[in-house]
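# Topology and contacts: notes
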Amino acid sequence: MPFISLLLFLFLKPSFSQKIYEVGTGQASLEPDGKFVSLALAGYASPWDGRFTIQWNEKGEIPSFISITGGKNGLYSVDGQSLFRSSLTNPLRWEKVGDAVDIRYISIEENIIIGITSDGHLKKGDLSKKRLKWKEIGITGRSVNAITIAADRLYLADGEGLFWIADISSGKVKWERTGIPLLKEVASLIDVDEKLVALTTKGVLFQQGSTCQHNKWIKIGYKNGITVVEDMAKIAVANHHIYGIDGNNRLYIAEHCSKGDLSARALAIRSGDNIAVIVGLDLTGINNKFAAIVKEELNRKRGLPISAIFINSSHTHFAPVTQNWPTWQESNRLPDSTYLYTTVKEAIINAVCQSLDNVKSAELFFGRGKAQLGYNRSLPDRPDLYDDAVDVIRFRYLHDHSEGYLFMAACHPVLGTIGKLNFSISANFPGVARKLIEEKRGTSCTIFLQGTAGDINPLDDSADVTGEKLANEVIAVLNRPMQQISGAITTFLDTIEVDIDMKSREELLVFIRDEKNNTNVMLAERNQIWGEIMLSHLQNGMKQFSMPVYVHTLNIGNWKLVGFSRETTSPYSFRLKELWPGKMVSVAGYTNDVSSYLPTRLHIDKRNYEGMDSFYWYGMPDTYPLDIEERIISQIQKNNR
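In this report, we go over the structure that sits alongside the text. (Residues numbered from 1 in each chain as written. Predicted model: local features only at pLDDT ≥ 70, side-chain atom pairs only at ≥ 80, totals over all residues. Heavy atoms only, no water.)

### Focus on empty space enclosed by the protein
- Considering all chains together, one arrives at three cavities of 30 Å³ or more under this definition.
- Considering only enclosed or pocket space, the largest cavity measures out at about 80 Å³ in volume.
- If you go around the largest cavity, the residues you meet are Asp387, Ala389, Asp391, Met408, Ala409, Ala410, Gly451, Thr452, Ser573, Lys577, Ser586 and Val587.
- For the lining of the largest cavity, the secondary structure elements donating two or more residues are strand E27 (389-397), strand E28 (403-409), helix H9 (571-579) and strand E38 (584-588). (1 Å grid on protein atoms, 1.4 Å probe; cavity = no way out; pocket = protein on both sides within 12 Å on 5 of 7 lines; lining within 4 Å. Points joined across faces, edges and corners; volume = space filled by probe spheres on them. Helix = DSSP H or I, 4+ residues; strand = E, 2+ residues; numbered from the N terminus.)

Laid out in structure tokens, this is it:
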């Protein structure tokens, strides 16, 4: 009898122990800070003039000036006779700090001030001295529109839109033409973290692009009549703040128009030597190349297997650009590299590291509800093809019984295209849902994952309404009995290769020619750009274009989470769940890579937006083959992860 009891204990022990996991969470902000003057918002190409994050907050009126600039100790201005400085704490309070007779342009770096007189003489002074003395160091030899100093170099924009550079660190200056592209009607020029920013006389803000943008001037703001209504005449940077001054000497400080709720959130779940980390991002999407960089760094730093890191984007249409949109207006084609590789990358890594560092013993539970958040916008004759499931994972810590939640649903976060909201950074309805759940449940640990929302739009016209619907259903699920998760952790990241034939040169030339007569300016420009990109691929010898689909599977005990890359349409969720009937299977889209839509035969047959037109926006050569759904599902079934 004792022997039988021992066998029974040994048999049951592994099953019991698998109900307890080590669970941790982490969170980091994705909000852009002051080092970014303005960022392009992703999600919508309209308005074609662009959607940018900048707005101006008025501080008050300042004294009249001829030229204004910024330094580490405040704003500086000249009036033709004197140099004045404002207080950092009160930019409306000014005091005279020196003489500046006939100085018409000024720029400051550290304690060095450069001035240009009305007849083009270049003068230099030292602000650290008790008395400012000007020393002539050369002449401009050309017309002057604006100047700025960056790294001991003086940049000058002339009346023709050309840019010149001179070393001011020693001796007499010598001017050289820069490789900076032409930009006409420059009214102001500043340096922000080694990037030149220009304001034109028409009130348009430009930033010099990165090397991959060929140092072109990239538009980052304009008077849109909604979030920017001011007529800016000058800009300046002081103590890491960007200031604007209008024609009436009203002073403004630049801010990002934001609800302040963008974040990267991570959930780490460990069982023995096996681990899975689920990351939810308030972003429109990322490309696989960037995801791979993040995962490789986490692998080096923390030893995480690549297949263990699951990165899902909510697809909010109100976050800065973080992926390539090659056929969009130039300001949206590439992300700001500093935002992507510092703010976003560091936020993901920090959130994941936090989640790994604070793991504690916890139990996991699965529950499913339903909420009619959206409808199938693409297949109106198939209203059944909307997965209204709301899946909820509860993790309850053993030491204090505190809880956190992961929840997922399928719906495009596109609410708020009217007025100020259209130009505002926002997590959209997932952010609303998170906040409500946290308030009502007394937790700060909530993570949202986007489902197969590729063809699903919201029913309601308010992020608050949709977010509240979702939050209420999550809470309802939590108030009902939930199924405990138990078992081992396994992770798999599979690639389904799909090669698409390129169109012929003749087809592309005809397409480009026809699009020149397209009366829709936005689509005409998009399609011609697309045609030129495809011609470039052909000239480089490309005959087929690789459009792989990544399928990421996490088995956390008896709960299976499957994530598809790309903007996955709703039929894939139903098909996946049919493969494991009666099992706890959750299906996400927008995972690890969002580089096109992932349609089915139904979409491709109709040649609708998801089935064809969207591929032009993503710069893909064509849609997927008609049998793409069957090929993907067959491979998943064969792999049986």
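Resuming the write-up.
### Things to note about the pairing of strand E4 (residues 74-78)
- For E4, the tally of buried residues reaches five of five residues, placing the bulk of the element in the interior.
- In this structure, strand E3 (residues 67-71) lies alongside E4, joined through five bridges in antiparallel fashion. Directly across from Gly71, in E4, lies its bridge partner Gly74.
- Connecting the antiparallel pair E3 and E4 is a turn made up of two residues.
- Pairing between E4 and strand E5 (residues 82-86): three bridges, direction antiparallel. Looking at E5, one finds that Val78 is bridged to Leu83. (Buried < 20%, exposed > 50% of the residue type's maximum accessible area, 1.4 Å probe, protein only. Pairing = 2+ DSSP bridges.)

### As for the sheet that holds strand E20 (residues 241-246)
- Here we have four strands laid out as an open sheet, ordered E2-E21-E20-E19, and antiparallel in their pairing. For this open sheet the edge positions go to strand E2 (54-61) and strand E19 (232-238), each flanked by a neighbour on one side alone. In this sheet, adjacent strand axes meet at a mean angle of 30° when their direction is disregarded.
- Sheet topology note: the E20/strand E21 (residues 250-256) ladder contains three bridges and is antiparallel. What sits directly across from Gly244, in E21, is Tyr252. (Axes fitted to C-alpha atoms, helices over the stretch in contact; angles between N-to-C directions.)

### Side note on the pattern of salt bridges
- Evaluated as defined, the whole model comprises 33 salt bridges.
- When the shortest N-O distance is used, the salt bridge between Glu403 and Arg441 registers 3.5 Å. On the criterion of sequence distance, the pair formed by Glu403 in strand E28 and Arg441 in helix H5 (residues 429-441) is long-range, its members being 38 residues apart.
- Among the residues examined, Arg441 registers a relative accessible area of 25% and is labelled partly exposed.
- Between Lys503 and Asp622 there is a salt bridge, with its nearest N and O atoms 3.6 Å apart. One end of the pair, Lys503, is in the loop between strand E33 (499-501) and helix H7 (505-515); the other, Asp622, is in the loop between helix H11 (609-617) and helix H12 (628-639), with 119 residues separating them in the sequence.
- Judged by its relative accessible area of 26%, Lys503 falls in the partly exposed class.
- One continuous salt-bridge network, built from bridges that share partners, spans Arg394, Arg396, Glu403 and Arg441. (Salt bridge = Lys/Arg side-chain N within 4 Å of Asp/Glu carboxyl O.)

### Regarding unusual backbone geometry
- Going from Ser46 to Pro47, the amide bond is cis rather than trans, its omega being 0°.
- Its identity as a non-glycine residue notwithstanding, Asp102 has a phi of 65°, on the positive side.
- Tracing the backbone through its elements, the reader meets Asp102 in the loop between strand E6 (94-99) and strand E7 (103-109).
- Positive phi, normally seen in glycine, also occurs at Asn592, with a value near 70°.
- Along the chain, Asn592 turns up in the loop between E38 and strand E39 (597-598).
- Since its relative accessible area comes to 3%, Asn592 is described here as buried.

### Section: the environment of Ile489
- Tracing the chain through its elements places Ile489 in strand E32 (residues 489-496).
- When its relative accessible area of 3% is taken as the criterion, Ile489 is described as buried.
- For the pair Ile489 and Asp261, spaced 228 residues apart in sequence, the C-alpha separation works out to 32 Å.
- The residues touching Ile489, leaving out its near neighbours within four places in the chain, are Tyr21, Ile269, Arg270, Ser271, Asn274, Ile275, Ala276, Asn555 and Ile556. (Contact = heavy atoms within 4.5 Å.)

### Observations concerning the sheet that holds strand E18 (residues 217-221)
- Spatial strand order, E15-E16-E17-E18: four strands in an open sheet with antiparallel pairing. Of all strands in the sheet, those bounded by a partner on one side alone are strand E15 (186-192) and E18. Averaged over all pairs of adjacent strands, the angle between strand axes in this sheet comes to 30°, irrespective of strand direction.
- Looking at chain direction, strand E17 (residues 205-208) and E18 are connected through four bridges and run antiparallel. Looking across to E18, one finds that Gln208 is bridged to Trp217.

### What about the packing of H5 against helix H6 (residues 463-478)?
- Between H5 and H6, whose axes approach to 7 Å, the crossing angle comes to 45°. Here H5 is positioned oblique relative to H6, judged by the angle of their axes. Helix-helix and strand crossings are classified by hand; for H5 and H6 the assignment is right-handed. Seen from H5, the contacting residues are Phe429, Val432, Ala433, Leu436, Ile437, Lys440 and Arg441; seen from H6, they are Ala463, Asp464, Thr466, Gly467, Glu468, Leu470, Ala471, Asn472, Val474, Ile475 and Leu478. (Parallel < 35°, antiparallel > 145°, perpendicular 65-115°, else oblique. Left-handed = near helix turned anticlockwise from the far one by under 90°.)

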